Structure formats: C-alpha cells, structure tokens
There are 2 protein chains.
Amino acid sequence: MGAPREADGSVGAVTPQDMQFDEPLPLVSGAVMPSYSIRYETYGTLNAERSNAVLVCHALNASHHVAGWYEDDPKDIGWWDNLIGPGKPVDTDRFFVIGINNLGGCHGSTGPASINPATGKPWGADFPVVTVDDWVQVHARLADRLGIRQFAAVVGGSLGAMQSLQWTLRFPDRVRNSLVIAAAPKLSAQNIAFNEVARQAITTDPDFHGGNYYAHGVVPRRGLRIARMLGHITYLSDDAMAEKFGRELREGEFKFGFDVEFEIESYLRYQGDKFSTYFDANTYLRITKALDYFDPAMAHGGNLAAALAGAKARFLVISFTSDWRFSPGRSREIVKALLDNGHDVSYAEIDAPHGHDAFLMDDPRYHGVVRAYMNNIAT
Amino acid sequence: MGAPREADGSVGAVTPQDMQFDEPLPLVSGAVMPSYSIRYETYGTLNAERSNAVLVCHALNASHHVAGWYEDDPKDIGWWDNLIGPGKPVDTDRFFVIGINNLGGCHGSTGPASINPATGKPWGADFPVVTVDDWVQVHARLADRLGIRQFAAVVGGSLGAMQSLQWTLRFPDRVRNSLVIAAAPKLSAQNIAFNEVARQAITTDPDFHGGNYYAHGVVPRRGLRIARMLGHITYLSDDAMAEKFGRELREGEFKFGFDVEFEIESYLRYQGDKFSTYFDANTYLRITKALDYFDPAMAHGGNLAAALAGAKARFLVISFTSDWRFSPGRSREIVKALLDNGHDVSYAEIDAPHGHDAFLMDDPRYHGVVRAYMNNIAT
C-alpha cells in the first residue's frame, strides 16, 4: 500500500533488463573486456523517430534503478525518482529514459564479482580499471542495440555528470543536450586525497586478500565501512550536518567511552554498516579511480576550453552553493570553458543547504530549472 | 653542524624532565588517576618574582618538545621552535617557557602504554578518558610544584588553544594572558564526524584487540595510518594541497592500478606510515574524545558568553582565512563571547594559505601579531 502509484508521478513498477555484449571492448587502460553484460531499466516509450531518448548516468554508489519501484520490493524506489517520472522535471510522458549500471559495477552489470570466462572464477583483482570514457563507450553500444542514434539528453550528477560531459566529447553527434549537475572538470588534490584514504582503508583490510576475497568467502567490510563513513562526510555540508545532528547526544550526557555518544556517530556507523553489506569493494576501488582519472583537459595541456571545443550539444550546468566536494567554482570552470567556445550553455547556481547530495534532493528551484530546460527540448 | 645554534634564535640543546605525582587525580569522567608522571621541558629562566612563566599547550600529535633540539638527536627540533626562543615572538630571553606532554599522551607522560600500578601491565583499554579540563588540572599541579602561582601567559593552537581557553575558566586568577590560536569553542558535527571515522578505523583494526594490543605484541598500524591520512586532509587547505601537489603524477602517466599514481597519494601514505610507527593508538582515541567533549558553553545552556564570564585574563585570538577545520567564524564566536563580557580581547584574522596547519607555520604577519602582543606583557 505504501508503494508510489503511477498517479503520484511514478513510473510505477519497473523491471530491469540485461543486455549481453560479446564483441570485445578495448579499454582506455589498454585492457580488453572480452564480453560483458549490462543491466538497465527504461521508462516511457521510445517514439517512432527514436528521438526522445534520455540517458541517465549514475554516480558512485547508485545504479540503473533510477525511477519507479519493484513489484517484489515496493520500497526499493529508484534513486532519482523525485526527478524522473510522468509529469516530473524529466517527464517520462515525453521522454524514453534509460538507467544503466556501469561496467565494473555491482548492481547487475559485469563487474569484479562476476565470473571471468577465462578462469571460471570471479574476476576479483584481475577486473580491469575502467574510466568514464569506457563507460560512455558502453552506453553507446547499448544505444546502438536499442536503435538510438542520438540522445535527446544525457543527464548526470557528480560522477554521472562527468559521463554526461564526456558524452559530448566522445560522441558529439549523438547527444543534443547534456545536463551536468554538481560536477567538476577534474578532481582536486583534496578530492583525490579523500578517495585515496577510502581505498587504503579497503586494501589494507586483512579481508581484502589483494582483491580476491571472493575465494576466501569474506568481504573487506571494515574497509568498506570506513570508506562509506568518510564519503558521507564529503557529501553533506557542514551546515547540513549541524542542522541535522549538531552536537546532539544519544543518551543526553557524556559516557566517557568509545561507544556511540553523538548522534552523528550513530548516523555514520549505520551508513557504513549498511553499505558494507551490499557494495562490492573492488567496484568501490575502481569507481574512485575513474573519478581520479577524469580530466578531459589533460590531453590538451590542461586547457579545458580546447578539450570542450568539439562538443556540439547544448548544456545545462547546475551547482549548489553548499557543495564543498565539487563547489560552484568547479562548475563555473566548465561553464567558462564552454562559453569560450561559444557553446550554448545555461548555468544555475542553486542556493541549497544540503551539500553535494543536493543533486539528489527534491528542491523546487533546482527541479524547476531542470523542468524548464527539459520542456524546451524538442523530441 | 646542521643543528640550530643559540645564535640562530634557538633555545639550543634541551633536556626533558619528568615529574612524578602521587596524589590521586579525580578526572571529569569520574575515574581517578592514582599516580602519574608528566614529561616537560623548560626554556629561559624563571625570574625572582616567578612572574614570567609561559605555558605552551600541545595539540593532537605534538608534545612537550616545543623548542630547541636534543644533544643526541639534533634534527629533532621542537614543534614550535619557529615561534619560541631567544628574540623570537615568544622570547625566552624574557619568558620562562614550559612545554608539557599531556596526561594520556605517548611522548613520556603517563598514558595508555604505561604500566598500570594496579596490575603491573600496560593500562591499555583501562586507561581513563581524559578531558581538556583534566589536562588543565595537571598543568596547575605542575605549576604548583615549580612554584608558579600565576602564568604570564598560556599559549596554544588548535586543541592547545582549547586548553589555553579552559585555563582562564578553571583558574582565572592564575593566568594573565591567554593566546587562543586556530581554535573553536566546540567541535562541529563535521569535526566530530572526522574524529569518529579515525576512531573507527583504529578500533576495527584486527590488531586493536579492544585496546589491549600491547599484550599481543602488535599495534593497530592500519587504523592509525588511516586516521593520520584523514587528519592530514583536514589540516591542509584545498588550495594548499592544490599548490603543493595538484594532480601531479608520480611517473608522468596513469598506471591504471592501485599503486601510488598521484603525488598526493604518496604524501598521505608516507605521513600515515610514519605516524603509525610512533604514535600510540589509545592516545589517539583519547585525544580525539577530548576534542569532541570540549564545550565550555554546555554547562551554561549553550551560552558561550555565560561560560566565559568568569575569565579574568586578557586574550589574543588568532585565526587563519584558509582554515576549514576551525574556520575564522569559529574564532569569532569566541571573540564575540569575550566582548559580550567586556573582556580585553585582541583578534587577528591572518590571510594565510596553509589551512589549519598555518598555526605551525613561520608566517611573518602571524608571528608579528604574537610578538607585539607578548612584548606588551609585563613580567
């Protein structure tokens, strides 16, 4: 009874699909994926002209399950369900929306926990490092198979936004609009530093076994837990944390021990515990590396404008004032480089208190901007 | 030959001393330390009136070794040697300066690795949780034994500044000046969150053994390493990291693996490795708890001005623009609360790029402010 109904603007019950690819995929690293399977979901209807497709790219710990819910688990609602659905800012009455789990993920697509056909055992440490550009290649192959030559829009937040930007560079003729939300054109040293601490927590966990923990029947849960706790700090603004938790004590007074005392400790431990039960550590390592590597300007001597010169899409760039992971200044670097090329770009800096996670929130100003932009896209 | 000479403004070769206390110390937690030893150093000469003593309080990982160097290890220079010495901003030609290793530390004072007289074994998990107020009590006992009734000044940065502030509340008649540098009147939820991730990294390390790792002949090195890496991120500003490391690659190109690629990774791993060889994990846990607990306004319904009403010292409060751990706004909370009481307070917000660590740096504007303030203190 608690499940969202289609009348609520939900796409309703959805069913993930798997697509098998047997043509080898050369990766940026030089490695080759011999074959792989990609899990995805679609919402809405592809029109006769196949011109209304929208690709949604996910960030660190999300998946293909972008909107709607599952018949057998109505509480498992898509991670961007507040943005995507009938009558919503990304309107599935107009657009055919595709959510996809990236290669190397742990939500159904081929990843480090999958069986390596060459050995009959889990890939583990042998699973290659994947990059944002590799993911975009996979997206394009899936689009080919669905008969989609050109996306009306590619949409993403955070790491998803990096994919949305990369799409306009790798396949400039195949994307008409790029929504780049809560992004950065590359990680800063501090961003890389946080990723590195998370990775070190995982790889030094005795249960990591060099990445081949599957064979040992264990999971580097301690490391994953630390990685997730740390991540959460960077997703929230200092103010949002103060507002939500402040210095509230669990039991009203100091206990002078090492059990939970402050509410923020309880929250972080809970988030870490939960994450460590379902997320694959090898996937976490690879996704943080994809973040670290993303730097389209690198091949152009650090000149971002030169890197973005070939893009043909129109752009909507959105940042959030309280985001200290990828601050508005990072989005403005992208906007400036696009404008330097005379590209068509809209930019909105949303005054929001939630920090980096604001891109997932149901904020009326933010959603209003996305709605207005999407409404102007011809299909 | 490389050792600083007295002519360079160094206090020269110094020798730490130990003072044994056999009178039990009741702690804020309700526990009692039956006896304990405190390691300290002194520089300069106590004048006949015993009116020129300056106490220097240390932060998370520093010690009593504040200035000078050791005859048998000339490269082991005190952590605040750039500030303290003959002719320096805290001038040892005028002041008798005392550095002290706090109770619970791991640099010579009684701490968790010390022998518990009740058991004949290391204290380990049984070592009590200590607070800023407990440390101030110990400082006062040491001052008693040295015949110092009143300090000309108590000086500290970061957690040391919290002790400097607490001194004016606990012993208002025993401190004439309080230098509160890079401080906060209490930790924010985000500050506590970072501490909690560090603690969880340590306590979930399989080598922690519930805090009694000494008996197992191991050290929770993995956890300490993660804690230190994380700490370092919060000590440096984003800009300072960008300036120092940027996205520089160790070997000039991506390696698509999990060894060090970016210089920032190398730096953090090195800092973590080094720290984990000498710092005691139980001390780290307790010092972060002391930080979390510090909140003088708590007993006054959150009213900081009420908490500071009884102070009689003059204050110098200093903050640094790029410090995001304890931002200038946190120092201004202290300044406002002091001014609300009509206390004598000077405030300097130093435009410095180094982040929280700026309080340790040799910055001419910062040191100029300290020098001018200290020069005005009558002895």
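Structure: see above.
Residues numbered from 1 in each chain as written. Chains lettered and ligands numbered in written order. Predicted model: local features only at pLDDT ≥ 70, side-chain atom pairs only at ≥ 80, totals over all residues. Heavy atoms only, no water.

Chemist: Can you walk me through the overall build of chain A in this structure?
Modeler: Secondary structure assignment for chain A yields ten helices and 14 strands. Relative to the globule expectation of 21 Å for 379 residues, the C-alpha radius of gyration of chain A, 21 Å, shows essentially globular dimensions. Expressed along its principal axes, the backbone C-alpha trace of chain A runs to roughly 65 × 55 × 50 Å. Taking all 379 residues of chain A together, the buried fraction comes to 61%. (Helix = DSSP H or I, 4+ residues; strand = E, 2+ residues; numbered from the N terminus. Rg over C-alpha atoms; globule rule 2.2 N^0.38 Å. Buried < 20%, exposed > 50% of the residue type's maximum accessible area, 1.4 Å probe, protein only.)

Chemist: I keep staring at the environment of B:I84 and nothing clicks. Help me out?
Modeler: Of note, B:I84 is situated in strand 6 (residues 84-85). Taking the C-alpha atoms as reference, B:I84 lies 33 Å from B:A193; in sequence the two are 109 residues apart.

Chemist: Just to check I follow, could you spell out the sheet that holds strand 1 (residues 17-21) of chain A for this structure?
Modeler: Working definition: the strands of a sheet are paired by backbone hydrogen bonds and lie parallel or antiparallel to each other. Residue and element names in this part refer to chain A. If you walk across this open sheet you meet the eight strands as 1-4-8-5-11-12-13-14, and the pairing is mixed. What marks the edges here is a single partner per strand, and that holds for strand 1 and strand 14 (345-350). On average, each strand axis in the sheet is inclined to that of its neighbour by 20°, with strand direction left out of account. By the bridge criterion, five bridges tie strand 12 (residues 177-181) to strand 13 (residues 314-320) in an arrangement that is parallel. (Pairing = 2+ DSSP bridges. Axes fitted to C-alpha atoms, helices over the stretch in contact; angles between N-to-C directions.)

Chemist: Is there a simple way to think about the packing of aromatic side chains in this case?
Modeler: This model, assessed by the stated rule, comprises 42 aromatic pairs over all chains. Taken together, a centroid distance of 4.7 Å and an interplanar angle of 15° make the contact between B:F275 and B:F279 stacked. Taken individually, B:F275 and B:F279 each receive the classification buried, so the pair is uniform in this respect. Through a chain of ring-to-ring contacts, three or more aromatic side chains come together here, namely A:F194, A:W324, B:F194 and B:W324. A:R174 extends its terminal NZ or CZ atom over the ring of A:F171, reaching a point 5.7 Å from the ring centre. (Phe/Tyr/Trp six-rings, centres within 6.5 Å; stacked < 30°, edge-to-face > 60°. Lys NZ or Arg CZ within 6 Å of the ring centre and 35° of its normal.)

Chemist: Sorry, what's going on with the interface of chain B and chain A here?
Modeler: The figure often quoted for interface size is the accessible area lost as the parts come together. Opposite the 54 residues of chain B that make contact, chain A presents 54 residues. For the pair chain B and chain A, the two sides together bury roughly 4600 Å², of which 70% comes from carbon and sulfur. The interface formed by chain B and chain A includes ten salt bridges. Of the charged contacts, one joins B:R199 and A:E265 as a salt bridge, the two residues approaching to 2.7 Å between their closest N and O atoms. At the boundary of chain B and chain A, one finds 22 residue pairs in polar contact (both at pLDDT 80 or more). Elements supplying a minimum of two residues to the side of chain B that touches chain A: helix 3 (189-203), helix 4 (221-235), helix 5 (238-244), helix 6 (263-278) and helix 7 (281-293) of chain B. The element best represented in the side of chain B that touches chain A is helix 3 of chain B, accounting for ten residues. Within the side of chain B that touches chain A, the residues separate by chemical class into 30 nonpolar, eight polar and 16 charged. (Contact = heavy atoms within 4.5 Å. Buried area = accessible area lost by both parts, 1.4 Å probe. Salt bridge = Lys/Arg side-chain N within 4 Å of Asp/Glu carboxyl O. Polar contact = N/O pair within 3.5 Å; in protein donor to acceptor, adjacent residues only side chain to side chain. Nonpolar A, V, L, I, M, F, W, Y, C, P; charged D, E, K, R; others polar.)

Chemist: Even after reading the chapter, I still don't get the sheet that holds strand 13 (residues 314-320) of chain B, so can you show me in this structure?
Modeler: Residues and elements named next belong to chain B. Spatially, the eight strands line up as an open sheet ordered 1-4-8-5-11-12-13-14, and their pairing is mixed. With partners counted over all chains shown, the strands left at the sheet margins are strand 1 (17-21) and strand 14 (345-350), one partner each. Across the sheet, the mean angle separating the axes of adjacent strands is 20° when strand polarity is ignored. Here strand 11 (residues 153-157) pairs with strand 12 (residues 177-181) via four bridges, running parallel. From the neighbouring strand, G156 faces strand 12, where its bridge partner is V180. Where helix 1 (residues 132-145) meets the sheet, its contacts fall on strand 1, strand 4 (36-43), strand 5 (53-57) and strand 8 (96-100), and the angle it forms with strand 1 comes to roughly 105°.

Chemist: What should I look at first to understand the pattern of salt bridges in this one?
Modeler: In a structure, side chains of opposite charge can pair up when their charged atoms sit close to one another. Within this structure, the stated rule accounts for 44 salt bridges over all chains. Across the pair A:E196 and A:R199 runs a salt bridge, and its minimum N-O distance is 3.3 Å. On the criterion of helical spacing, the pair formed by A:E196 and A:R199 is a turn pair, its members being three residues apart in helix 3 (residues 189-203). B:E349 is the partner of B:R332 in a salt bridge, and the nearest nitrogen-oxygen pair spans 2.6 Å.

Chemist: Help me understand the relation of the copies chain B and chain A in this model?
Modeler: The operation relating the two chain copies consists of a rotation about an axis and a shift along that axis. The operation relating chain B to chain A is a screw motion whose rotation component is 180°, with 0.0 Å of axial translation and a residual RMSD of 0.0 Å. Taken together, the rotation and translation relating the two chain copies correspond to the operation of a two-fold axis. Comparing interface residues between copies, 100% of those in chain B also lie at the interface in chain A; the contact surface is shared. (Least-squares fit on C-alpha atoms with pLDDT ≥ 70 in both.)

Chemist: Looking at this structure, I do not really get a negative patch on the surface. What am I missing?
Modeler: All names here are of chain A. A cluster of acidic side chains, namely E71, D72, D73 and D76, defines a negative patch on the protein surface. Mapping D76 onto the fold places it in the loop between strand 5 (53-57) and strand 6 (84-85). With a relative accessible area of 30%, D76 lands in the partly exposed category. (Patch = residues over 30% accessible without salt bridge, like charges linked within 9 Å, V, L, I, M, F, W, Y side chains within 5 Å. Areas by Shrake-Rupley, 256 points an atom, 1.4 Å probe, with all protein chains shown as cover. Lys, Arg positive; Asp, Glu negative; His and termini not counted. Charge placed at Lys NZ, Arg CZ, Asp CG, Glu CD.)

Chemist: How do you make sense of the pairing of strand 12 of chain B when you look at a structure like this?
Modeler: Side-chain direction in a regular strand flips from residue to residue, so the side chains alternate between the two faces of the sheet. Residues and elements named next belong to chain B. Counting buried positions along strand 12 yields five of five residues, so the element is predominantly enclosed. Judged by which residues are buried, strand 12 turns out to be covered on both faces: N177, L179 and I181 on one side and S178 and V180 on the other are all buried. Crossover strand 11 to strand 12 through helix 2 (residues 159-170) is right-handed. (Right-handed = clockwise from strand over helix to strand, strands pointing away.)

Chemist: Is there a simple way to think about the packing of helix 4 (residues 221-235) of chain A against helix 3 of chain B in this case?
Modeler: Two packed helices can be described by the angle between their axes and the distance between those axes. Direction vectors running N to C along helix 4 of chain A and helix 3 of chain B enclose 170°, while the axes themselves pass 10 Å from each other. Between helix 4 of chain A and helix 3 of chain B, the angle falls in the class roughly antiparallel. Two secondary-structure elements touch here, helix 4 of chain A through A:R225, A:I226, A:M229, A:L230 and A:I233 and helix 3 of chain B through B:Q190, B:A193, B:F194, B:E196, B:V197, B:Q200 and B:A201. Taken together, the residues of the contact of helix 4 of chain A with helix 3 of chain B sort by class into eight nonpolar, two polar and two charged. (Parallel < 35°, antiparallel > 145°, perpendicular 65-115°, else oblique.)

Chemist: What am I meant to see in helix 6 of chain B here?
Modeler: Structurally, the α-helix is built with 3.6 residues per turn, so residues lying three or four positions apart point the same way. With 16 residues, helix 6 of chain B extends 24 Å between its outermost C-alpha atoms, agreeing within 8% with the 22 Å of an ideal straight helix rising 1.5 Å per residue. Along helix 6 of chain B, the residues classified as buried are B:I264, B:E265, B:S266, B:Y267, B:L268, B:R269, B:Q271, B:G272, B:F275 and B:S276. (Expected span 1.5 Å × (residues − 1).)

Chemist: Would you mind going over the state of the cysteines with me for this structure?
Modeler: Put plainly, two cysteines are in a disulfide when a covalent bond ties their sulfur atoms together. All names here are of chain A. For the structure on display, the rule yields zero disulfides over all chains. Of all cysteine sulfurs in the structure, the one in C106 sits closest to C57, which takes part in no disulfide; the separation is 17 Å. Assessed through its relative accessible area of 0%, C57 is described here as buried. (Disulfide = S-S within 2.5 Å.)

Chemist: Even after reading the chapter, I still don't get the environment of B:I192, so can you show me in this structure?
Modeler: Within the secondary structure layout, B:I192 lies in helix 3. Its relative accessible area of 0% is what places B:I192 among the buried residues. The spatial distance from the C-alpha of B:I192 to the C-alpha of B:K289 is 8.8 Å, given a sequence separation of 97 residues. If we ignore the near neighbours within four places in the chain, the residues touching B:I192 are A:R247, A:F262, A:I264, A:E265, B:L187, B:R199 and B:D292.

Chemist: Which parts of the structure should I look at to understand the environment of B:S178?
Modeler: Residues and elements named next belong to chain B. Along the polypeptide, S178 turns up in strand 12. By relative accessible area, S178 is classed as buried at 0%. Sequence-wise, S178 and M19 are 159 residues apart; in three dimensions their C-alpha atoms are separated by 25 Å. Those residues within four positions of S178 in sequence are excluded, and the remaining contacts are V154, S164, L165, T168, A313, R314, F315 and L316. A polar contact is formed between the side chain of S178 and the side chain of S164, at a distance of 2.8 Å.

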